[in-house]
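Below, each chain spelled out in residue letters.
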Amino acid sequence: MSRVNITKEFLIGGRAIFTVAVNDLTALDTDKSKDRHYTYMITQKQDAQNEGKVIYFASHLCGPNNDNPFDYNYLGVFSPTTGTVFLTAGSKYKKEDKPVHALNYALNVIYERPIKEYKKKWSVDILHCGRCSKCNLKLTTPQSLERGMGPKCVNDVRKRGVMMA
Ligand SMILES: [Zn+2]
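Bear in mind that the values here come from a model prediction, so they are computed numbers and not experimental data.

Turning our attention to helix α2 (residues 98-110). Across its 13 residues, α2 extends 18 Å between first and last C-alpha, which sits within 8% of the 18 Å expected from 1.5 Å per residue. Listed in full, the buried residues belonging to α2 are Pro-99, Val-100, Ala-102, Leu-103, Tyr-105, Ala-106, Leu-107 and Ile-110. Two residues or fewer after α2 comes Glu-112, characterised by a positive phi angle close to 50°.

Have a look at this one:
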């Protein structure tokens, strides 16, 4: 079963950052890496051609700093009406690329669209980006989001040796 802790509204907040963890290793192709997760940011911009209209851009985290927009690759335009993302000329990805697949799959889950039979064994966790309770940096890996702390800070706190009943 997929787990979702974000809403459709969350996606159009203007600076929505969320992580999609792919649980089924057969899901996206034969890549053997165990820790498969993708972090996305959806931003908004006034449409220059259409006054009063807003366009939403989806990008994919590819650099080390999840707080830096320059560490995200532009992926495509997100339509909140249809709940789909479409690639444009400026997109850094092709239709068959994994970050595109994972985002499309996540959107199907968020928008509660029927999942195709052959994809039913897929499962994803969609988690919105939280902050570390110690250093307040953004968290984007599934494990860190689960515990609300980054790996280094967890270790720092454990070293304090406090016994918790
Ligand atoms: Zn931390």
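Moving on, we come to the environment of Lys-134. Summarising the element assignment, Lys-134 is placed in the loop between β8 (130-131) and β9 (138-139). You can call Lys-134 partly exposed: it has 14 C-beta atoms within 10 Å. Measuring from C-alpha to C-alpha, the distance between Lys-134 and Met-149 comes to 7.0 Å, with 15 residues separating the pair along the chain. Sequence-distant contacts of Lys-134, defined by excluding residues within four places in its chain, comprise Met-149, Cys-153, Asp-156 and Val-157.

Glancing now at the sheet that holds strand β7 (residues 124-128). Read from one edge of the open sheet, seven strands run β1-β7-β2-β3-β4-β5-β6, paired in mixed fashion. Sheet topology places β1 (3-4) and β6 (84-86) at the edges, where each strand pairs with a single neighbour. Here strand β2 (residues 15-22) runs beside β7; their pairing, made up of five bridges, is antiparallel. Residue pairing in the sheet places Phe-18 in a bridge with His-128 of β7. The sheet contacts of α2 involve β1, β2, β3 (37-46), β4 (54-61), β5 (72-79), β6 and β7, and relative to β7 the element is tilted by about 85°.

Right, let's get into the nonpolar core. Grouped together as the largest cluster of nonpolar side chains are 31 residues, with contacts concentrated most on Val-20, Leu-103, Ala-106 and Val-124. Looking at this core, the elements that each hand over two or more residues are β2, β3, β4, β5, α2 and β7. Ranked by the residues each element gives to this core, the list is headed by α2, at seven residues. Filtering out sequence-adjacent residues up to four positions away, Val-20 remains in contact with His-37, Tyr-38, Ala-102, Leu-103, Ala-106, Val-124 and Ile-126.

This next bit is on unusual backbone geometry. The backbone phi angle of Glu-112 is positive, close to 50°, even though this residue is not glycine. Of note, Glu-112 is situated in the loop between α2 and β7. With 10 C-beta atoms packed within 10 Å, Glu-112 lands in the exposed category. Positive phi values are uncommon outside glycine, yet Asn-136 reaches one of about 65°. Mapping Asn-136 onto the fold places it in the loop between β8 and β9.

Across a regular strand the side chains alternate sides, sitting on one face of the sheet and then on the other. For β2, the buried fraction is high: seven of the eight residues fall into the buried class. Sheet topology note: the β2/β3 ladder contains seven bridges and is antiparallel. Within β3, the residue paired with Ile-17 across the bridge is Met-41.

Turning our attention to the confidence of the model for the protein chain. Here the protein chain averages 86 in pLDDT, while 90% of its residues score no lower than 70. Per-element confidence in the protein chain ranges from a low mean pLDDT of 85 for β1 to a high of 97 for β5.

The next point concerns the pairing of β4. The sheet contact formed by β3 and β4 spans seven bridges and is antiparallel. The residue bridging Met-41 from the neighbouring strand is Ser-59, located in β4. In terms of strand pairing, β4 meets β5 through six bridges, oriented antiparallel. Across the sheet, residue Tyr-56 finds its bridge partner in β5, namely Phe-78.

Thresholds, definitions, all that
- Residues numbered from 1 in each chain as written.
- Predicted model: local features only at pLDDT ≥ 70, side-chain atom pairs only at ≥ 80, totals over all residues.
- Helix = DSSP H or I, 4+ residues; strand = E, 2+ residues; numbered from the N terminus.
- Expected span 1.5 Å × (residues − 1).
- Buried ≥ 20, exposed ≤ 12 C-beta atoms within 10 Å, placed from the backbone.
- Contact = placed C-beta atoms within 7 Å.
- Pairing = 2+ DSSP bridges.
- Axes fitted to C-alpha atoms, helices over the stretch in contact; angles between N-to-C directions.
- Core = buried A, V, L, I, M, F, W, Y, C linked by C-beta atoms within 7 Å.
- pLDDT = per-residue confidence, 0-100.

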